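Structural overview
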Amino acid sequence: MDSARADSPHPAPPDASPWTAAPKELHLPAGRAGRGPYAVHVDPDAAGWAYSSLRVLDLPPGGLHPLATGDSEWIVLPLDGGCTVHVAGEFIELQGRDSVFDGPSDFAYLPRDAHARIATGLGGRFALAGARCERRLPPRHGAARDVPVEDRGEGVCARQVRNFAAADAFACDRLIAVEVVTPAGHWSSYPPHKHDEDLPGREVRLEEIYYFETGPGRTGYQRVSPSRPGGADLLAEVRTGDAVLVPDGWHGPAIAPPEHPLYYLNVMAGPGSGADRDWKISFHPDHRGEGYR
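To start, this report covers the structure provided alongside it. If you're wondering where the values come from, they're calculated on a predicted model, not measured in any experiment.

The rules we used
Residues numbered from 1 in each chain as written. Predicted model: local features only at pLDDT ≥ 70, side-chain atom pairs only at ≥ 80, totals over all residues. Heavy atoms only, no water. Helix = DSSP H or I, 4+ residues; strand = E, 2+ residues; numbered from the N terminus. Buried < 20%, exposed > 50% of the residue type's maximum accessible area, 1.4 Å probe, protein only. Contact = heavy atoms within 4.5 Å. Core = buried A, V, L, I, M, F, W, Y, C linked by side-chain atoms within 4.5 Å. Pairing = 2+ DSSP bridges. Phe/Tyr/Trp six-rings, centres within 6.5 Å; stacked < 30°, edge-to-face > 60°. Lys NZ or Arg CZ within 6 Å of the ring centre and 35° of its normal. Polar contact = N/O pair within 3.5 Å; in protein donor to acceptor, adjacent residues only side chain to side chain.

Turning next to the overall build of the chain. Looking only at helices and strands, the chain features 2 helices and 22 strands. Put simply, the chain has 293 residues, and 55% of those count as buried.

Considering the arrangement of structural elements, one finds serine 273 in the loop between strand 21 (262-269) and strand 22 (282-283). A sequence separation of 100 residues divides serine 273 from aspartate 173, and the C-alpha atoms of the two residues are 5.1 Å apart. Those residues in contact with serine 273, other than ones at most four positions away along the chain, are Asp173 and Arg174.

Turning our attention to the nonpolar core. Core analysis: the largest hydrophobic core is formed by 35 residues, its most contacted members being Leu54, Ile75, Phe164 and Leu265. When residues of this core are assigned to their parent elements, the largest contribution, 4 residues, is made by strand 21. Not counting chain neighbours up to four residues away, the residues in contact with leucine 54 comprise Val40, His41, Val42, Ala127, Leu128, Ala129, Ile209, Tyr211, Leu265 and Val267.

With that settled, the discussion passes to the pairing of strand 3 (residues 52-59). Of all 8 residues in strand 3, 7 are buried; the element is thus mostly enclosed. As paired strands, strand 2 (residues 38-42) and strand 3 are joined by 4 bridges and run antiparallel to one another. Residue pairing for strand 3: valine 42 is matched across the bridge by leucine 54.

Now for the packing of aromatic side chains. Per the stated rule, a full pass over the model turns up 8 aromatic pairs. On the basis of an interplanar angle of 75 degrees and a centroid distance of 6.5 Å, the ring pair of phenylalanine 101 and tyrosine 263 is categorised as edge-to-face. Of this pair, phenylalanine 101 sits in the loop between strand 6 (90-97) and strand 7 (107-110) while tyrosine 263 sits in strand 21, placing them 162 residues apart in sequence. Assessed through its relative accessible area of 26%, phenylalanine 101 is described here as partly exposed. Through a chain of ring-to-ring contacts, the aromatic side chains of Phe107, Tyr109, Phe164 and Phe170 assemble into a single cluster. When the ring centre of tyrosine 109 is taken as origin, the NZ or CZ atom of arginine 140, which lies over that ring, is 4.5 Å away. Taking the ring centre of tryptophan 250 as reference, the NZ or CZ of lysine 194 above it sits at 5.6 Å.

What follows is about the sheet that holds strand 11 (residues 149-152). Strand order in the open sheet made by the 7 strands is 1-19-16-21-13-12-11, with antiparallel pairing throughout. Two strands close off the open sheet at either side, each with one partner strand: strand 1 (27-28) and strand 11. Direction of pairing for strand 12 (residues 159-165) relative to strand 13 (residues 176-182): antiparallel, over a ladder of 4 bridges. Looking at strand 13, one finds that glutamine 160 is bridged to valine 181.

As a further point, take the side chain of histidine 195. Within the secondary structure, histidine 195 sits in the loop between strand 15 (193-194) and strand 16 (207-213). In terms of polar contacts, histidine 195 uses its side chain to reach the side chain of glutamate 208, at 2.8 Å. At 3.1 Å, the side chain of histidine 195 forms a polar contact with the side chain of histidine 251. Those residues within four positions of histidine 195 in sequence are excluded, and the remaining contacts are Glu203, Val204, Arg205, Leu206, Glu208, His251, Met268, Trp279, Lys280 and Ile281.

The following block contains the structure:
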């Protein structure tokens, strides 16, 4: 383990030129994809795809961050701490939480073509999940109590899914986002599945970003295997602050370390918008007919 990871669970982004994905670069260790004030900054141009974005913002006590939403819709999701989001003449108060392992958080939806400000009194860490879109929806507050929480899987594949911005839970134009907490030693994102083709009624094409957190010094694992010749292929150790890009391919399992749960935020978007925004997946041929377990 390198010293930067050992010294801080949330390494500061380096002062470097903007990150652009190299061919086949799917695993972004903490700090690798930082830009400016963001510990993680993944946008469609850098990732080499069309829709999905993720930024992770650390703010000190009393911190203030301006955000121009541009051609994308965004959700501001507290990872730790709370904040106030000012957008379109509205103030959205987010109570937040102490950590990602403390249950669902409330969140704020920001429309495209807007100017927002994120302010925090006590400081915190905030995920900005985004997707390029066409429709401009109104800003809204999502309450933590309204987040559908799903207990998925059984035995060592049991995990908790927080469907705060799932396609059937919260209205967006293209953006889909959920959180998953995998107990210590368990597998999630299993059986391996994919969403890299448009197959009517069966599968919907979605680009996906995983953002990970776990215990200090702890290591989980993420697997992505090819669904086509030359497709995405990755087996990575993942730690707090890491991201993984899934442009295509079978993804899963995600494996928690024995001593600590593994958290990840999934950010997804694809061509489907409005009524066509959906999450449909195909399971790996070795597991067809089993479904999630």
